[in-house]
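# Understanding the architecture of this molecule
Now for the letters of each chain:
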Amino acid sequence: MTQPADILLTNASVLTFDANQPHADTVVVTGNIISFVGHEADSEAWRGPNTYVIDCQQTTLMPGIIDSHFHLYAGSKTAGDVDLRGIKDMAEVRARILEFAEENSDAPWLTAHAAAYSLPNPDTVMHRTHLDEIVADRPLVLFAHDLHALWLNTKALEQTHLLHGPDNPELRSDMTFDSDGLATGEMVEGAVFAFVNHYMPSDEAFMTNAVKRSLEQLASFGITSIHNMLGDDAQGKLYKGLEQAGDLTCRVYLPYYVDPSINAETLATEASALRDTYASNLLHTGAVKFFSDGVYDGKTALTLEGYPDEPENLGTSIFERAHYLELVTQADALGFQIATHAVGDGAVRLALDAYEQARDTNGTRDSRHRVEHIEIINPSDIPRFAELGVISSMQPLHAPTSPVNADLWFKHVPQARWQDAFAVRRLRDAGAHVVLGSDWSVVTMNPFVSWQAAVTRKPWGDEGNAHFQQNLVEVMAGYTKDAAYAEFQEAHKGQLKVGMLADMVLLSEDVIALPTEDLGNLTVKLTIMDGKIVYAA
């Protein structure tokens, strides 16, 4: 006898992403499992006196959205306070910060995020004195829009005892200093993460509340899983506490962050401990995350040909090549999936070389290693993704819509390479697995804005007209079925299919019938995660 369902969703335009049953109009949830997918006429046996029946009114019901590149902890910590996104004028920056400072007179620190590299102007690097002119008596920090740089005023440097430089040589190497030996206030790459983790004031209660606010936002966008790309035990403990309290409303895949200073033994010990400790349906690991370079705006992306105004400057390699190859081979031997941040074409090649060496050393296995971002790729490296079984993890909103609205990206990438930029279409056509995400809080976590950007992307000039746009179904798959594959969870989620976890989202419209230029206006009517309604409009 059929067990009465807990939730029955009917009169829907169901996109299942199950090749054997692509469409349906009714989905049934029993406990935290999908127990029926099909047509309303066949679902009557699932109705019981306590079944919650939802009329979906012919809007799209789809698998819960999976964001394959997300920074839940760091984003929650730094996304508050003053939003400088899109601002290029220092006077407006000053006005916004002063307004916030006046309204929050008791805040010990002032934090602004999404600052442009081109502040205070494209030819001048931000200095602590520029920030002192805004606020001198309270610590002030501006985070770059990509979180690969930050700038501190003098008060912040004094309060953190960093004005004369830190004792830590690794941290010091990612700071700049004036001729008098005092810090300029700029930090890049590894120093940014060190600053966030060790110097920014916060406590457990603050972070728990900050993460809970982010989880509420995720649920409101239909996001039921994230790949949290900078994991450690402190984050694991926080998420585990939320899970035990019933407040973890989004599944978290937690790759271990590999610091450039660690050795193979430390990697093995700490990453294995993380994998053994966090292994539930809501919180699990099994991957490690490397940074191989930085970003083009800051001239820290690792390139093969250098920068237009500095051809001898190839960018920044976060790891020594031999050290990176050693650690990748070690992590692969231990059975970890490996994700590598690689923005420049030099970094992408380095990551592929490392994965190839790991395969040749340890033998072929279903490793599903990943390269994150891939802003520029050498054409000869495109087929290597399919050959090596490497996943392309990309973010549609990272591609500037035009040279006009970009920061310094176009200044640092020659026009001849535009055809090789954000080349997701060419990677797909070459057989690569592609997954998509936001990289929040670098850009909005709103997936629908990302979908619109992906399917409407236009060339910047005459270069690369053929490979820019993706179609909507493959973009949505990149946020569902393919994203589940990217964390070895394709048997459990990413599709609306009997026996799979009950993660799903009901959209405000029938997405297939919606004009592509309206995708960014989509909203969520209902989000179900693990069989529970975690958001209702």
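Everything here concerns the structure above.
Reference entry: report on the structure contained in this document.

Criteria and cut-off values
- Residues numbered from 1 in each chain as written.
- Predicted model: local features only at pLDDT ≥ 70, side-chain atom pairs only at ≥ 80, totals over all residues.
- Heavy atoms only, no water.
- Helix = DSSP H or I, 4+ residues; strand = E, 2+ residues; numbered from the N terminus.
- Contact = heavy atoms within 4.5 Å.
- Polar contact = N/O pair within 3.5 Å; in protein donor to acceptor, adjacent residues only side chain to side chain.
- Expected span 1.5 Å × (residues − 1).
- Axes fitted to C-alpha atoms, helices over the stretch in contact; angles between N-to-C directions.
- Left-handed = near helix turned anticlockwise from the far one by under 90°.
- Salt bridge = Lys/Arg side-chain N within 4 Å of Asp/Glu carboxyl O.
- Pairing = 2+ DSSP bridges.
- Buried < 20%, exposed > 50% of the residue type's maximum accessible area, 1.4 Å probe, protein only.
- Right-handed = clockwise from strand over helix to strand, strands pointing away.
- Core = buried A, V, L, I, M, F, W, Y, C linked by side-chain atoms within 4.5 Å.
- Phe/Tyr/Trp six-rings, centres within 6.5 Å; stacked < 30°, edge-to-face > 60°.
- Lys NZ or Arg CZ within 6 Å of the ring centre and 35° of its normal.

Moving on to the environment of Gln469. Following the sequence through the fold, Gln469 ends up in the loop between helix H15 (447-456) and helix H16 (472-478). Put simply, Gln469 and Ala453 are 16 residues apart on the chain and 8.7 Å apart in space, counted from C-alpha to C-alpha. Among all residues touching Gln469, those that are not within four sequence positions of it are Arg425, Ala454, Val455, Thr456, Arg457 and Lys458. Polar side-chain contacts of Gln469 include one of 3.3 Å to the backbone oxygen of Arg457.

Here we take up helix H9 (residues 264-277). Here H9 spans 20 Å end to end across 14 residues, near enough to the 20 Å set by a 1.5 Å rise per residue. Of the surrounding elements, those touching the buried residues of H9 are helix H8 (233-244), strand S19 (256-257), strand S21 (287-291) and helix H10 (321-333). Two or three places before Glu265, at the start of H9, stands the capping residue Asn263, its side-chain oxygen 3.2 Å from that residue's backbone nitrogen.

Looking now at the packing of H9 against H10. In a pair of packed helices, the angle between the axes and the distance between the axes together describe the arrangement. Across the interface, H9 lies against H10 with an axial gap of 10 Å and an inter-helix angle of 35°. With respect to the hand of their crossing, H9 and H10 are arranged in right-handed fashion. Counted together, Ala264, Leu267 and Ala268 of H9 and Glu326, Leu327, Gln330 and Ala331 of H10 form the full contact between these two elements.

Before going further, it helps to examine the pattern of salt bridges. Under the counting rule described, the total for this entry stands at 31 salt bridges. The closest approach of N and O atoms between Lys237 and Asp233, which form a salt bridge, is 3.3 Å. Residue Lys237 and its partner Asp233 are located together in helix H8, separated by four residues, close to a single helical turn. The network of salt bridges with common partners includes Arg321, Arg349, Asp353, Glu356, Arg359, Asp360, Asp381 and Arg384.

Overall, parallel pairing links the four strands, which are arranged S8-S17-S18-S20 in an open sheet. In this open sheet, the two strands that pair with only one neighbour each are strand S8 (65-70) and strand S20 (283-284).

Working note: α-helix, 3.6 residues per turn, so residues spaced by three or four point in the same direction. In a regular helix each residue adds 1.5 Å, so 17 residues correspond to 24 Å; helix H7 (residues 204-220) covers 24 Å between its end C-alpha atoms and thus fits that length. Every buried residue of H7 is listed here: Met207, Ala210, Val211, Ser214, Leu215, Leu218 and Ala219. Where the residues of H7 are buried, they touch S8, helix H1 (72-78), strand S17 (223-228), H8, strand S27 (524-529) and strand S28 (532-536). Count one or two residues on from H7 and you reach Gly222, which has phi positive near 75°.

The element strand S22 (residues 337-342) is largely enclosed, with a buried count of six among its six residues. Across the two faces of S22 the burial is the same, with Gln337, Ala339 and His341 and Ile338, Thr340 and Ala342 all buried. Bridging between S21 and S22 involves five bridges; their strand directions are parallel. Each residue of the ladder has a partner; that of Lys289, found in S22, is Ala339. Taking the sense of rotation as the criterion, the β-α-β connection linking S21, H10 and S22 turns out right-handed. Bridging between S22 and strand S23 (residues 370-373) involves four bridges; their strand directions are parallel. Among the inter-strand pairings, Ala339 is bridged to a residue of S23, identified as Arg370. Between the parallel elements S22 and S23, the chain passes through helix H11 (residues 345-362) in a crossover that is right-handed.

Let us now look at the sheet that holds strand S10 (residues 110-115). Strand order in the open sheet made by the six strands is S9-S10-S13-S14-S16-S15, with mixed pairing throughout. Here the strands that pair on one side only, and so sit at the sheet edges, are strand S9 (82-83) and strand S15 (175-177). For S9 and S10, the ladder comprises two bridges, and the chain directions are parallel. Within the sheet, the bridge partner assigned to Asp83 lies in S10 and is His113.

With 84 residues, the main nonpolar core has Val288, Val371, Phe385 and Trp451 as its most contacted residues. When near neighbours in sequence (up to four residues on either side) are disregarded, Trp451 contacts Met62, Ile65, Leu472, Val475, Met476, Tyr479, Leu507, Val511, Leu519 and Leu522. Listed in part, the 25 residues of the second largest apolar core include Leu84, Ala101, Tyr117 and Ile134.

Once that is clear, we can look at the packing of aromatic side chains. This model, assessed by the stated rule, comprises 19 aromatic pairs. Ring plane angle 40° and centroid distance 6.5 Å describe the contact between Phe36 and Trp46, whose orientation is recorded as tilted. Linking Phe36 in strand S5 (residues 33-38) with Trp46 in the loop between S5 and strand S6 (52-55), this pair joins segments that are 10 residues apart in sequence. Geometrically, the ring pair formed by Tyr296 and Trp409 is edge-to-face, given 6.0 Å between the ring centres and 65° between the ring planes. With a gap of 113 residues between them, Tyr296 in the loop between S21 and H10 and Trp409 in helix H13 (residues 409-412) connect regions that are remote in the sequence. For the pair formed by Tyr296 and Trp409, the shared burial category is buried. Members of the aromatic cluster, connected to one another through ring pairs, are Tyr296, Tyr307, Trp409, Phe410, Trp418, Phe422 and Trp460. The ring centre of Phe336 lies 3.9 Å from the NZ or CZ of Arg275, which sits over that ring.

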